[in-house]
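Here's the letter readout for the chains.
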Amino acid sequence: MALWGGRFTQAADMRFKSFNDSLRFDYRLAEQDIVGSVAWSKALFSVGVISQQEQQKLELALNELKLEVMENPEQILQDDAEDIHSWVEKQLITKVGDLGKKLHTGRSRNDQVATDLKLWCRQQGKQLLLSMEHLQAEMVKVAKQHQTTVLPGYTHLQRAQPVTFAHWCLAYVEMFERDHSRLTDALYRLDTCPLGSGALAGTAYAMDREQLAHTLGFRRATRNSLDSVSDRDHVMELMSIASISMLHLSRLAEDLIFYNSGESNFIELADTVTSGSSLMPQKKNPDALELIRGKTGRVYGSLAGMMMTIKALPLAYNKDMQEDKEGLFDALDTWNDCMEMAALCFDGLKINETRTLEAAKQGYANATELADYLVAKGIPFREAHHIVGVAVVGAIDKGCALEELSLNDLRQFSSVIDNDVYDILTIESCLEKRSALGGVAPKQIAFAVSEAEKRLVKRDTSDIRVRPARLTDIEALESMVTYWANLGENLPRSRSELIRDIGSFAVAEHHGEVTGCASLYVYDSGLAEIRSLGIEAGWQGQGQGSAIVQHLVERARQMAIKKVFVLTRTPEFFMKQAFLPTSKALLPEKVLKDCEQCPRQHACDEVALEINLIESSIARMSVA
C-alpha cells in the first residue's frame, strides 16, 4: 500500500520500486515510528481531529504492534511496504480499520522520519556512551594494576623517555574522555523534536508542539519547519564523532599490535581475541586489533558519503536524504562493536614487565635527565644538550648505557659532573622528577587513576540504591507521579495521598538524587499491586525501574504476600522482571473499582501481569 497513489494513473515499475523502497534498512526505526505515532494521536485528540475514544483505540493498537515488533522485528522484512511508515500504517489499519487512516492527518513522512531518526539517535547515543565508559573502565583497571610497570615512551617510533604502562593507558582514557564529551554535546543538540513541521511549512492544526516534544521526551520542539525536515546535522555530527573516536581506537590498536609483536614482546593478548594461522601452527595473530584498525576507514567512508550527499542540497526535503540511514546505522554499529572489542582486548592482557623495563633502559632514555643535571649545575640548557649528545656518542662507542660510564669517563664531557649523577640516571629518578600535573611521577599516576575512577563512578548508573521513601522525598515523588499521570501512564495521585501512603513507596537514588519511584499497595486479600512506577526524565533505560520493581517484589516476599500484580501499558518491561500475563477478571473487585479514576476506563489498553511469589520462592530454593 503506497501512501501517495491518488495522483498516479500507472503503477510504479518494479525496478523503480526496488530502487526507491527503504524498508530493508529503515525497518530499524519501527519502534520509534510507533512511539511517535502514539504521541501524534494524542496531539490530534488535543485539537479535536479525533475523539478520546478513537485516540485510546489507536494507542492500544499501536502498543500491541510495538510489542509484536519487539518480539520479532525481522517480520517487517517479509512485507513489500515502501518504508517503515507505510508498514506501520498498514498494520494499524489491519487492526482498527478506517480509523487507522486518520492518524496521518496533518503529518508528513518528512517530519515523521526526521523525528524517528532523532529518537533512534538519542537511544543509540546512550548505548554508545555506556560502551565508551566500559572501555574506559577496563583501561583504568589495567592502569591501576600497572602504576609502577615501566614502559619505554616513543617519539618517531624511537625510544624517547621512560613512562609507565598506566600512563600509556590513561593517555587513551583522555582521548575517549574527549569523545565522551563530544557525544554528550551532540546528544544535547539533537534533543529537539521536528514532529508537527509537516512536509516543510508546518502542520495546519494548532497543536502545542512543545507539549508534543515533551511527550516524546525531547527538551523542546524545533523552531523552523523548513530546517526541521531538512536538518541532518545530527547524522553528520554523530558520524564525525564516530570517525574521531575510531581514529583513537585505531591508534590504540596499532600501539597494542606493536607491543604484542615478537620484536617488542611487551604484552601478550588473550587467546579470546586472537586467531591462528591455517598454515603456521605457531602463529597467534592480533586479528581483533587489526580489524579495529581496518574498520576505521569504513566509518570515515560513511561520513564522507553523507557529507557529499547533503552538500548543496536545496531546502527542504529531497529524496537524496534517504541515503542518511544505511551509512549512519553501519557507522554507529561499527563504532560500538569496536569499542566493545577494544575493552575485551584489555581483559586478560598480560604485560611482560621484565621486558618493558629492559627496553626502557635501552636507547639512552635518561639522556634528558643528564641534561637537566648539568642545568642544575649552572650550565645553560642549550650547552648541556650538546654535552649530553657527545656523551651519548661516547657511550655508544663503548657499547654501554650512560649510567654504566665511569665517573672519569663522564667528567671528560663536563668537569661539573660528580658522584651524585648516578642517582639521577636511574629509571626511578627519571619517573619521580616528572611530578608536575599530568606527568609520570608515581604520585601523579596515582592521582590520575583516582580522578579517572571518580569520573566513571559518577557516571555509573549500575550502582542504583533503592530505599524506602521518606517525607523529605515528597517533592520528587509528586513531580514524577504528576509527570507520568499527565502522559496517561499512571493514575493521578494528590499530594495528600502521597503523604498518606509514603510508607508504601520506594525510591531509587543515584548519588543522592531521587531518580525513580513506585509503591506497593497491599489488598486485604493478600495480593499486592505495584503502582505509580515512574522514572525521572532522562533516567529511563538505565536500570532504575528494574531495580525498584525487584526491591518491591522482595519486600512483598518478606511480607509473605503470595502474588504481586501490575496493570501496565508496557508489559514487555514487566515480563523481563519475571511477571506473566494474567486476566483482569481474576483481579479483586477493589482493583477494578480503583480504575474508575482512570480517564481511559471505557477503552482500557492496560495489560494485567502477575508474579507468583510462592512458585518463584520454590524455584529459587530448588536452584539453590
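Residues numbered from 1 in each chain as written. Predicted model: local features only at pLDDT ≥ 70, side-chain atom pairs only at ≥ 80, totals over all residues. Heavy atoms only, no water.

- Where an unreviewed UniProt entry is consulted, the chain appears under the name Argininosuccinate lyase, with the organism given as Vibrio caribbeanicus ATCC BAA-2122.
- On record in UniProt, under Catalytic activity (unreviewed entry), the comment for the chain is "2-(N(omega)-L-arginino)succinate = fumarate + L-arginine".
- Its UniProt record gives the chain the following Subcellular location (unreviewed entry) comment, quoted word for word: "Cytoplasm". (UniProt positions renumbered as here; feature names shortened; annotations may be inferred.)

Here's the deal with the overall build of the chain
No. 1: Along the backbone of the chain there are 25 helices and 13 strands.
No. 2: Expressed along its principal axes, the backbone C-alpha trace of the chain runs to roughly 100 × 70 × 55 Å.
No. 3: Here the contacts in the chain between residues at least 6 apart in sequence split such that 74% fall between residues at least 24 apart.
No. 4: Summing over all exposed atoms, the chain offers an accessible surface of approximately 30,200 Å²; the carbon and sulfur share of this is 53%.
No. 5: Treating the 69 positive side-chain charges of the chain as one cloud and the 86 negative ones as another, the clouds have centres 2 Å apart. (Helix = DSSP H or I, 4+ residues; strand = E, 2+ residues; numbered from the N terminus. Contact = heavy atoms within 4.5 Å. Areas by Shrake-Rupley, 256 points an atom, 1.4 Å probe, with all protein chains shown as cover. Lys, Arg positive; Asp, Glu negative; His and termini not counted. Charge placed at Lys NZ, Arg CZ, Asp CG, Glu CD.)

A look at unusual backbone geometry
No. 1: Residue alanine 316 is reached from leucine 315 by a cis peptide bond, and omega for that bond is 5°.
No. 2: Checked against the element boundaries, alanine 316 lands in the loop between α11 (287-310) and α12 (324-346).
No. 3: Even without glycine at this site, tyrosine 364 takes up a positive phi of about 55°.
No. 4: Looking at the element boundaries, tyrosine 364 is found in the loop between α13 (353-361) and α14 (367-376).
No. 5: For tyrosine 364, a relative accessible area of 21% gives the class partly exposed. (Buried < 20%, exposed > 50% of the residue type's maximum accessible area, 1.4 Å probe, protein only.)

Digging into helix α15 (residues 381-398)
No. 1: Between its first and last C-alpha atoms α15 spans 25 Å; for 18 residues at 1.5 Å apiece the expected length is 26 Å, and the two agree.
No. 2: Of the positions making up α15, those classed as buried are Ala384, Ile387, Val388, Ala391, Val392, Gly394 and Ala395. Viewed end-on, α15 has its buried residues packed into an arc of 160°, placing them on one side of the element. Across α15 from its buried face, at more than 90 degrees, point the exposed residues Arg382, His386 and Asp397.
No. 3: A positive backbone phi angle near 70° is found at glycine 399, which sits one or two residues after α15. (Expected span 1.5 Å × (residues − 1). Arc of directions from axis to C-beta.)

Remarks on the sheet that holds strand β9 (residues 513-522)
No. 1: Taken in spatial order, the seven strands make up an open sheet running β7-β8-β9-β10-β11-β13-β12, and their pairing is mixed. Looking along the sheet, the strands with just one partner apiece sit at the ends: β7 (465-468) and β12 (580-581).
No. 2: The sheet contact formed by β7 and strand β8 (residues 505-510) spans four bridges and is antiparallel. Each residue of the ladder has a partner; that of arginine 465, found in β8, is glutamate 509.
No. 3: Helix α20 (residues 474-486) rests against β8, β9 and β10 (527-535) of the sheet, and its axis sits at about 75° to β9. (Pairing = 2+ DSSP bridges. Axes fitted to C-alpha atoms, helices over the stretch in contact; angles between N-to-C directions.)

Details of the pairing of strand β1 (residues 150-155)
No. 1: In this structure, β1 lies alongside strand β2 (residues 158-164), joined through five bridges in antiparallel fashion. Within β2, the residue paired with tyrosine 154 across the bridge is arginine 159.
No. 2: Counted between consecutive antiparallel strands, the loop separating β1 from β2 contains two residues, among which histidine 156 sits at a positive phi close to 55°.

A word on the domain arrangement of the chain
No. 1: Each assigned domain of the chain is listed here: domain 1 (18-105), domain 2 (110-357), domain 3 (363-425) and domain 4 (467-612).
No. 2: A separation of 77 Å is found between the C-alpha centroids of domain 1 and domain 3. (Domains from an automatic or database assignment.)

A closer look at the environment of tyrosine 364
No. 1: Once the C-alpha coordinates of tyrosine 364 and isoleucine 396 are considered, the two residues, 32 residues apart in sequence, prove to be 9.4 Å apart.
No. 2: Among the polar contacts listed, one links the side chain of tyrosine 364 to the backbone oxygen of cysteine 400, at a separation of 2.7 Å. (Polar contact = N/O pair within 3.5 Å; in protein donor to acceptor, adjacent residues only side chain to side chain.)

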